Structure formats: structure tokens, C-alpha cells
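# Structural features, examined
In case you want the letters, here they are:
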Amino acid sequence: MSSRVEILNDGGYRSDGRRQYELRDIDIDLSQQGTADGCCTITHGLTQVLVTVFGPKEAKMRSQTLHDRAVINVEMNVLPFSTGERRRRARADRRILELAATIKSTFEPVVQTTLYPRSQIDIFVQVLQQDGGLLHACINATTLALISAGIPMTDFVCAVSGGVHSTSPLLDLTTLEENDLPHMTVAVMPRTGKVTLVALETRLHVDRFADIFRLAGDAGQALHKEMKRAVKSRATRLVGAMETGMKPPMGGADAFERDVVMEDKMSF
Amino acid sequence: MHKRAPAFCSAARPGASGFCTRCLFRRARMPRPASPSIPEKEFLYSSLKQSLRLDGRNLLEMRAPTLTFGPELGWVECALGKTRVIAQVDAKMVKPPPERPLEGIISIHSELSPMASSEYDSGRPSDEEVTITRMLDKVLRRSDVVDKESLCVLAGQRVWHLRLTIHCLADAGNMLDCACLAGVVALRHFRRPEVEVVGDEVTIHHPSERAPVPLSMHHTPYCLTFAYFPETSILPVLDPSHLEETLSAGLLSIALNAQRELCVVQKAGGVPLAPDEILRIVGIAVDKAKELDKTVEERLKEDWAGRTVEVR
Amino acid sequence: MSLVLPGEHVPAQHVNLKLGPGLLQQSSPGGESSIIATRAGELNHSANRARWWVESNARRYVPAPQESVIGVVIARSGENWRVDIGAAHMANLDGLAFEGATKRNRPNLKVGSLLYARVSLAHKDMEPELECFDAQTRKAEGFGEVKGGFVVHCSLKMCRQLLDPKHFLLPMLGSRFPFDAATGLNGRVWVNAKEAKHIIAVSRCIEAVDPDGGGMSEAEMKKFLGTLDI
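Residues numbered from 1 in each chain as written. Chains lettered and ligands numbered in written order. Predicted model: local features only at pLDDT ≥ 70, side-chain atom pairs only at ≥ 80, totals over all residues.

## Observations regarding the interface of chain A and chain B
Facing 37 residues of chain A, the contacting portion of chain B comprises 36 residues. Here the side of chain A that touches chain B is built from residues that sort into 18 nonpolar, 9 polar and 10 charged. Here strand S9 (residues 194-200) of chain A pairs with strand S14 (residues 261-273) of chain B via 5 bridges, running antiparallel. The residue of S14 of chain B that forms the bridge with valine 195 of chain A is leucine 273 of chain B. (Contact = placed C-beta atoms within 7 Å. Nonpolar A, V, L, I, M, F, W, Y, C, P; charged D, E, K, R; others polar. Pairing = 2+ DSSP bridges. Helix = DSSP H or I, 4+ residues; strand = E, 2+ residues; numbered from the N terminus.)

## Regarding the sheet that holds strand S5 (residues 41-45) of chain C
Across a sheet, paired strands are connected by hydrogen bonds in the backbone, their directions being either parallel or antiparallel. Residues and elements named next belong to chain C. Pairing is mixed across the open sheet formed by 4 strands, whose spatial order is S1-S5-S6-S2. Whereas interior strands pair on both sides, the edge strands pair on one side only; in this sheet they are strand S1 (2-4) and strand S2 (18-19). Pairing of S5 with strand S6 (residues 51-55), which is carried by 4 bridges, proceeds in the antiparallel orientation. Its bridge partner lying in S6, glutamate 42 is registered against glutamate 55.

## Examining the UniProt feature "domain: K Homology" (unreviewed entry) in chain C
Per the UniProt record, the feature "domain: K Homology" (unreviewed entry) sits at residues 149-196 of chain C. Structurally, residues 149-196 of chain C is divided into 35% helix and 33% strand, and its ends, taken at the C-alpha atoms, are 9 Å apart. (UniProt positions renumbered as here; feature names shortened; annotations may be inferred.)

## Overview of the pairing of strand S2 (residues 38-44) of chain A
Residues and elements named next belong to chain A. The element S2 is largely enclosed, with a buried count of 7 among its 7 residues. Side chains Gly38, Cys40, Ile42 and His44 project from S2 onto one buried face, and the interleaved Cys39, Thr41 and Thr43 project onto a second face that is buried too. Across 4 bridges, the pairing between strand S1 (residues 26-29) and S2 is antiparallel. Residue pairing across strands places isoleucine 26 opposite histidine 44, the latter belonging to S2. (Buried ≥ 20, exposed ≤ 12 C-beta atoms within 10 Å, placed from the backbone.)

## Examining the nonpolar core
In terms of nonpolar packing, the biggest core is built from 187 residues, with Cys138 and Val186 of chain A together with Val85, Leu164, Ala179, Cys180 and Ala182 of chain B touching the most fellow members. For this core, the element with the highest residue contribution is helix H3 (residues 175-189) of chain B, accounting for 11 residues. Shared between two domains, this core takes at least three residues from each, and those domains are domain 2 (68-146) and domain 3 (150-227) of chain C. Excluding residues within four positions of it along the chain, cysteine 180 of chain B makes contact with Leu136, Val139, Leu140, Tyr222, Cys223 and Ala255 of chain B. One finds Leu23, Ala37, Trp52 and Val54 of chain C within the second-largest nonpolar core, a separate group that totals 7 residues. (Core = buried A, V, L, I, M, F, W, Y, C linked by C-beta atoms within 7 Å. Domains from an automatic or database assignment.)

Written out as C-alpha cells, the structure is:
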């Protein structure tokens with residue numbers, strides 16, 4: 001199938017003006033939403049995903065609990081206006097169930113569930129906008145939401161998607177590129193460099209696979225720096241606010257109420 | 001996101017795996033199956049550390065697949081040890097959807113009933129069922145196994161609709177590989193009736209009048225599943241048995257064909273692996289796929305030689 | 001000696017007739033009673049023709065009192081333990097049903113522990129109950145928690161055969177290498193040996209001789225043993 005738009009032109013630029021190994025703009029928002037224990041909205045270019053985490057909390061059905069660990073439940077909801085054309089998806093759409101199951105099994109070994117036996121951790125993923133790279137955006141958002149909820153994890157999980165156009169590897173594909181090229185999503189744990197998720201669904205030659213695989217691993221490390229920066233900045237502001245609250249009030253011993261308005265939104 | 005959305009996508013059909021679209025609420029799930037006892041768990045890990053498997057196989061040895069062909073073309077039963085799956089292909093002529101007038105339609109219907117194992121519920125599909133159904137879909141349909149354009153008979157009017165049905169009979173570990181193998185062999189085994197197009201008229205010839213035609217396939221993918229365990233000193237095993245699957249810390253499924261092309265690589269969570277380890281496993285999978293391909297070819301040839309197709 | 005099918009009439013007559021598994025006494029409207037078989041299998045009787053039963057195979061265990069079984073601890077409910085013995089219901093094991101157990105001195109079981117126990121109570125309307133000591137002597141006699149080793153699943157007939165001292169399998173294996181085995185009548189056999197390859201060998205032999213999985217004879221087993229790495 002010939003594409004009307006060039007994926008990679010001779011000057012080395014892609015259809016949206018990026019270079020070959022360039023990731024899309026990242027926007028991480030860790031401000032609290034409602035009563036969720038942890039929340040994160042991540043935007044990769046035009047793909048926007050919101051993840052809220054509740055837990056660890058009492059399990060709804062005792063039969064679903066494990067006696068020595070917490071159970072992680074992931075529910076995913078793709079909003080009908082997230083794609084170009086409005087499309088309502090059934091709650092139990094196979095693809096959505098599969099993505100939810102993938103996220104669940106990705107985080108089960110990373111979250112220290114043995115600290116919370118017989119409880120459950122709920123992760124709700126809302127896809128607000130889709131422009132390619134859905135799985136890796138969901139995984140990054142889930143990592144940050146779990147960190148923001150204070151649930152102990154052994155490491156970050158940073159995911160990125162990669163593809164290959166004839167022989168040149170590309171990173172962080174948009175919908176246009178995903179439709180045309182073989183692509184895969186790789187999630188790494190940056191501290192050890194080990195890979196925790198690989199998802200390839202299109203035909204790809206083994207040698208090309210090795211190239212993109214390594215490249216995606218390195219990109220995950222780069223992404224880790226950005227995520228760390230966002231978390232650190234929020235943590236610093238939180239600690240700063242707590243210290244402000246603990247200083248003796250200026251008007252004497254009466255004024256204990258403190259409304260601290262924080263600006264959490266980080267944009268790069 | 002679907003690259004293409006054929007009208008009869010297995011995801012859109014209600015009841016594809018017993019799920020009723022009217023009852024969208026979650027049905028009460030069956031209680032979790034009892035996990036293995038402590039001695040079984042410890043024994044499995046300690047013997048795997050010594051590279052011994054419970055059924056006497058090597059770590060990277062697959063159970064020899066037994067393929068039994070039925071009397072009609074396109075019916076095959078695949079057995080990997082005690083794991084058994086039946087796959088069947090049939091074809092009928094339909095009118096294509098308006099957005100794709102030049103392609104045939106392939107739909108995969110997989111049945112994972114409690115007959116295979118008491119872990120499979122007939123209510124809302126469990127995580128394992130969803131994984132197997134989606135993997136089958138990715139390996140057999142989305143990776144373009146069958147050339148859809150060859151299924152077009154009369155553009156915009158008549159195309160072939162192939163229906164691949166997969167019944168899982170018994171689960172003794174690694175149902176996914178068995179189901180993929182059964183599906184792909186059934187597609188190779190199947191012969192569709194010959195058609196003749198004169199102007200706007202389409203005549204379907206009965207198999208006794210004209211020899212049926214094999215499907216035109218781009219490639220033959222095989223799925224190989226490796227299980228790895230929480231202790232890093234234990235190497236991954238190929239084709240896990242039921243106990244190995246239950247006690248594994250993660251599964252890595254690789255679907256590829258004999259021409260060194262990867263169709264699906266799925267490692268969803270589980271113990272993280274070093275990138276070199278994954279590439280090493282991919283290398284092993286390439287060799288195993290070649291062996292499997294040879295076995296399947298021999299078996300198909302054997303069966304075809306034993307059949308007599310009468311042509312008037 | 002002879003093969004019977006469900007519904008077939010069985011000519012069992014004795015003053016003190018005892019019917020074993022697979023036989024049912026039915027009274028017809030005329031007032032006479034007849035014995036019919038309810039299972040398909042081999043009809044057997046004792047030497048004095050007082051006890052009759054049908055020998056058949058099954059995989060699902062139905063608890064009967066005074067039978068030794070191997071169970072896996074599933075959960076704890078108060079002072080008792082819920083144990084899975086492969087029957088229709090979970091069995092109940094009192095926390096004090098061990099030799100020398102007092103309220104202060106209890107055995108420390110965990111979820112997932114393996115037990116060799118005796119079915120003390122088995123009614124079709126109640127959950128089965130287990131005890132971990134011998135009925136007469138009230139001593140452990142081998143019952144209790146078993147540690148290490150491995151559990152092999154087999155059919156019920158295989159278990160009965162393994163408990164028969166005249167069966168060839170266990171002595172044949174015992175002559176090659178030393179091992180411990182505890183056979184439960186619920187289709188589970190616990191095996192322990194010093195080396196993992198010996199345990200694997202016992203497990204594979206049991207599966208091979210199992211009537212469900214092929215039913216090897218003694219001669220075939222000798223050949224099979226030759227192929228294993230012992």
C-alpha cells in the first residue's frame with residue numbers, strides 16, 4: 001500500500017517534523033484528581049492518557065483475594081472521542097481487555113504486593129486522545145500514578161514504541177506511521193536495564209528486530225530521566241508545602257488553617 | 001487499534017467466547033483454582049535448577065506434535081502431549097463490505113470452554129482466555145497468513161468468507177502453541193472449491209467435478225512459548241507443562257515463520273529479562289521454527305498422499 | 001471375573017451379604033429385591049461369596065471413612081484447617097487432631113502444606129473431616145505433615161494397586177534406588193528420594209503404569225526403566 005505522506009524524507013525528517021530518533025513532546029501532570037490515591041496524566045505528542053490509582057484497599061470480593069499478596073485490577077476505558085472518528089467501544093472489547101491484562105501483568109512483579117496481603121489495588125486507565133503509542137503511554141502513566149500514590153515499587157517502568165522504515169529505525173510512532181510500518185513496544189526497568197515488556201504484532205525480520213529492540217531500550221532510559229524529573233519536582237513542592245505548614249503562624253497561635261495552592265503542572 | 005476491520009472481526013461478534021453483550025455487568029467469577037502445594041513448588045524449582053524437567057524432556061525440547069487429519073479437508077486435531085486442540089476451516093461465499101470490495105474475509109472463532117480446564121469460565125472471559133484469543137487473532141489473522149485478495153471472486157459482489165474454528169479440548173499446558181499450530185495446519189490442509197466466473201455469473205464447482213484449490217498463503221507462522229521462573233539461575237523452558245505454567249513467573253511467546261520473520265513477540269510482564277537474553281531466545285525460536293516447519297510439511301505430504309481425490 | 005454394565009442384574013446371594021462400591025439393592029413392586037450394578041467394571045466377590053463389589057476406575061475421589069488421603073491445606077478457618085483432598089467438598093481438619101497436640105502446643109501448618117491424613121467422617125450430606133492420627137492407637141503412625149518430595153496425580157485404581165503388596169511397581173523401583181512413598185486413596189501419591197532424578201523417575205513410572213495412561217506391564221516397565229536416567 002503506497003502512502004500519500006512520506007514517512008521519512010531524504011532530509012531525515014518525518015511527517016510531523018521530527019527526526020529519526022526523536023521522541024514526541026512529553027507533558028506530565030501529577031496533580032491530584034478527585035479522591036484518587038494517585039493520579040497522572042501523560043501526553044506524548046497527541047496521545048493523552050489519564051491513570052488513577054486507588055489502593056491498597058479492602059477487596060470487594062473476599063474470594064478474589066490472595067492470602068499473601070495484594071491483587072492488582074486494571075480497568076481500561078477508551079473514550080469514544082479519542083480517535084479521529086467517534087467510535088463507541090464495548091466495555092469488554094477484546095483489544096481493551098488485552099491491553100488491561102498486559103498492564104496488569106507488567107506491574108505485578110514491580111509493585112511490592114507482598115506488603116499488602118488480602119487487599120486490592122485498582123488502576124483505572126482512561127484514554128483521552130489517541131495518536132499512536134497507546135500501550136507505552138498507558139504504561140508510563142501507570143508508573144507515575146503508582147509512584148504518586150505512594151505504592152512501593154522496585155523500579156520505574158519506562159516504555160517506548162519503535163518501528164522500522166525499510167532499514168531505518170524510528171522511535172515513538174504516530175498513528176500514521178503505525179499503520180504503515182512494523183512496530184513494537186518495549187518497556188524497560190531503567191535501574192537494571194532489563195526488559196519487562198515486549199509487544200510486537202506486525203511482521204518483522206529477526207535482524208531488524210534486534211536493532212529496534214536495543215534502540216528502544218536506550219530510549220527508555222532517556223524517558224526515565226524525564227519521568228524522574230517530574231516526580232522529583234512534585235515531591236520537592238510537596239515537601240516545601242509541608243514545611244510551610246509546619247512553621248509557626250504569623251498571627252499568633254490561632255491561625256492554623258493553611259490553604260496552600262500549588263502549581264503542579266509541568267510542561268517542557 | 002485495528003489496521004483493518006473486517007466486517008466479521010472475532011472481537012465484534014457477541015458470544016465469540018461465551019460472553020453475552022446484554023449482560024455487561026461482571027458475573028461472579030469461579031473461585032481461583034488452588035495453587036500447587038509447597039513441596040511441589042520447591043521440587044519444581046530445585047529440579048529445574050538441575051536442568052531436569054518433570055516429564056523427562058530437555059529444557060528446550062518441545063513435545064512432539066501429533067497431527068491427525070479428519071476425513072474432510074481442513075479438519076485437523078493437534079496434540080502436544082496431553083494438550084489437544086481441534087481446528088476446522090470452512091468457506092462460503094458472501095457479499096463483501098462496501099469499504100473493502102476486493103478482499104476476502106477471515107474470521108476466527110475460538111472456543112475455550114470449561115471442557116479444556118476447570119479454570120476457564122463460560123461467563124466473562126478470564127485473563128488467560130483473552131490472551132489466548134488475542135494471540136490467535138494476531139498470529140493467524142493480523143499477520144496476513146492467507147492472501148485476502150486471492151479470496152475475491154467478483155469484485156464488490158462475491159468474496160470467500162473463511163471461518164476458522166478452534167476448539168480447545170484439553171489443557172495440559174501451553175494451549176496457545178497447540179491452538180496456533182492446529183489453526184495454521186488446518187489452513188494449509190484446507191482446499192476451497194474451484195469457481196468459474198463468466199461475466200457476472202459465478203459458478204461454484206463441486207469438489208467431485210473439479211479438484212478443490214488450496215488457499216494462497218503468504219507464510220506459515222508457528223508459535224513458541226517459553227516460560228521463565230522467579231529465580232534467575234533457572235533458564236527458560238520451551239513448551240511448559242501445566243505445572244510449569246502455573247509456577248512460572250512469566251511467559252514469552254514468539255510467533256515466527258521459517259523465513260526468519262517474526263510475526264508476534266509477546267512478553268507481558270513477568271520477571272524482567274536482559275535484552276541479550278531475549279535476543280538469545282529469539283535465536284533459539286528461529287531454529288525450532290525451522291524444525292517444526294519440516295515436521296508439518298512431512299505430515300501434510302503424508303496425509304495428502306493417502307487421499308484420493310476423484311476427478312471426473 | 002466378569003464384566004458388568006450399569007443396570008445389569010448380579011447373582012449375589014448370601015445370608016450376610018455385604019455390598020461394596022458399584023452395587024445397589026433394588027426392591028421391585030412384587031416385594032422381591034434384586035442386586036444391580038451401578039458402575040461399569042469387573043465384578044468381584046470374596047472367597048465365601050459374602051462380599052461383592054465392582055472394580056472400576058475413576059479420577060474423582062469420593063471420601064469414605066478410614067481411608068488415608070493426601071491433602072493440601074487451602075485456608076485456615078478459626079482453629080481448623082480447610083484441606084483440599086480432591087473431592088467434591090473441602091475437608092475440615094481440626095487444629096488439635098494431631099498426636100500430642102494441646103491448645104498450647106499445635107503443629108504449625110501453612111497454606112500450601114501437604115498432609116497425609118485419615119478421613120474420619122464422610123457423609124454425603126456433610127463436609128468430610130480428617131484426622132492426623134491412627135484411629136485405634138491415637139498415635140501419628142506416619143500421618144501428619146509431609147515435607148519435601150513431590151506429589152504425583154494418578155487414577156484411583158492406580159492408588160489401590162500401589163497399596164496392594166503384590167503389585168510389582170514399588171518393589172521394582174525400590175530395588176534400584178531408595179525412596180519414600182505415601183499413597184493416598186484420593187489419586188495422589190507423595191514421593192521423596194535423595195536425588196531429583198529419582199523422584200522424576202518414580203513419577204514417570206507411576207504415570208506410565210496408570211491404567212488411564214497406558215497401563216504398562218511388568219516387562220514393559222523393565223524396558224522403560226532402562227531408558228530412564230537413574
